[in-house]
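Below, each chain spelled out in residue letters.
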Amino acid sequence: MDTNNTGDLIRKPSSALAKRPEPLERPVTPVADIYETADAFVIKLDMPGAVKDSISVLVEPGILAVKGKVEPPHREDGKLVFSEIGSRRYVRSFNLGDGVDGGNIEAKFENGVLGITVPKTESLKAREIKIK
Amino acid sequence: MKGGNTMSVFRWNPTHEVDRWPSDFFGIQREINRVFDNFFRGGVQADESFMTSYWAPAVDIAEQENEYIVKMELPGVNKEDVKISLESNILTIKGEKKQEKEEKNKNLHRVERSYGSFQRSFTLPTTVKSDKIDAVFMDGVLSVSLPKAEEAKPNQIEVKVK
């Protein structure tokens, strides 16, 4: 098929790509935003297509690790004519510093985004010191 | 993070910047982000050009006997903010990913996710039934099915020779 301009056209993958055997599940680092509120650190990870039940958030001293599986794409959807997504699983981990409450971490998966709230311990929270 | 306020508008590949060292935690090499132990240095402020940048979500297109299936990764995008249109065999998916209010004006430590407008167009090789296009949005993945029009399916025509 002809590709007649520079837009996104349905086209066959280049022969070089087609010959390379694709690993079944490519580990992918999900992109993340991290921000801080008064009480907690919040991590938002883009994990589109992840199967909720396969997502795990593991906490061990100093480390928070996330992994998740994705349904294999297009298993019965016919042949892929254009592919940028492919088969993959998500893996990423973060260092946890002192002052976070590892026992009360909460996670929620919504609309392809994993949100993790890591509460601060009292010692990290901003507080006002009274002048005597 | 590199660059301070001159953050680039390109999709950032975080694997270029994070530290790596091996671990048996997953049995594979692991990526560690030194984030929480550096928070006293102050967060990274994403500038306006990054927030309003233009991004191209990843797409898979599969062809079946009777239809095309277009899958687009749109994590965190609201269903209402996506528009799908078809004009003379060109499928266009566009929309906007809005940043949640709670994320704005917070102390940002790391911004890797894309925000702003996106648009992608695809030329379909055959005509499709434009009134039968269907779309499902689940777990941040948009799936559009486009049934092929009858004339696009291979059929045999008998020609009588006189």
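Residues numbered from 1 in each chain as written. Chains lettered and ligands numbered in written order. Predicted model: local features only at pLDDT ≥ 70, side-chain atom pairs only at ≥ 80, totals over all residues. Heavy atoms only, no water.

**Q** In this structure, what is going on with the overall build of chain A? I would like to understand it.
**A** Scanning chain A from N- to C-terminus turns up one helix and 10 strands. When its helices and strands are written in sequence order, chain A yields β-α-β-β-β-β-β-β-β-β-β. Evaluated residue by residue, chain A yields a buried proportion of 42% over its 132 residues. Taking as baseline every contact in chain A between residues at least 6 positions apart, the subset at least 24 positions apart corresponds to 57%. (Helix = DSSP H or I, 4+ residues; strand = E, 2+ residues; numbered from the N terminus. Buried < 20%, exposed > 50% of the residue type's maximum accessible area, 1.4 Å probe, protein only. Contact = heavy atoms within 4.5 Å.)

**Q** It is not clear to me how the pairing of strand 3 (residues 32–36) of chain A should be interpreted in this structure. Could you clarify?
**A** Every regular strand shows the same layout, with side chains that alternate between the two sheet faces. With five of five residues buried, strand 3 of chain A is to be regarded as a mostly interior element. Every second residue of strand 3 of chain A is oriented toward a common face, with Ala32, Ile34 and Glu36 of chain A on one face and Asp33 and Tyr35 of chain A on the other, all of them buried. Pairing of strand 3 of chain A with strand 4 (residues 40–46) of chain A involves five bridges; the strand directions are antiparallel. Among the inter-strand pairings, alanine 32 of chain A is bridged to a residue of strand 4 of chain A, identified as leucine 45 of chain A. Hairpin connection, strand 3 of chain A to strand 4 of chain A: the antiparallel pair is bridged by three residues. Relative to strand 7 (residues 107–111) of chain B, strand 3 of chain A is paired through four bridges, and the arrangement is antiparallel. Pairing of isoleucine 34 of chain A across the sheet is with arginine 110 of chain B, part of strand 7 of chain B. (Pairing = 2+ DSSP bridges.)

**Q** Hey, could you run me through the sheet that holds strand 4 of chain A in this one?
**A** In a beta sheet, neighbouring strands are held together by backbone hydrogen bonds and run either parallel or antiparallel to one another. One open sheet holds the five strands; their spatial order is 9(A)-10(A)-4(A)-3(A)-7(B), and the pairing between them is antiparallel. This sheet does not close on itself; its edge strands, each paired only once, are strand 9 (106–110) of chain A together with strand 7 of chain B. On average, each strand axis in the sheet is inclined to that of its neighbour by 15 degrees, with strand direction left out of account. With five bridges joining them, strand 9 of chain A and strand 10 (residues 113–119) of chain A adopt antiparallel strand pairing. Bridging across to strand 10 of chain A, phenylalanine 109 of chain A finds its partner in leucine 114 of chain A. (Axes fitted to C-alpha atoms, helices over the stretch in contact; angles between N-to-C directions.)

**Q** I keep staring at the pattern of salt bridges and nothing clicks. Help me out?
**A** Side chains that differ in charge, positive against negative, can pair when their charged atoms come close. Within the structure shown, the criterion is met by 11 salt bridges over all chains. The salt bridge involving arginine 120 of chain B is made with glutamate 84 of chain A; its shortest N-O contact spans 2.7 Å. Placement of arginine 120 of chain B in strand 8 (residues 116–123) and of glutamate 84 of chain A in the loop between strand 7 (79–83) and strand 8 (88–95) is noted, with the two residues assigned to different chains. We note a salt bridge from lysine 148 of chain B to glutamate 63 of chain B, for which the minimum N-O separation is 2.8 Å. In this pair, lysine 148 of chain B sits in the segment after strand 10 (141–147) while glutamate 63 of chain B sits in strand 3 (residues 59–63), placing the two residues 85 residues apart along the sequence. The class for lysine 148 of chain B is buried, based on a relative accessible area of 8%. Among the residues examined, glutamate 63 of chain B registers a relative accessible area of 21% and is labelled partly exposed. (Salt bridge = Lys/Arg side-chain N within 4 Å of Asp/Glu carboxyl O.)

None of this, on its own, says anything about what the molecule does.
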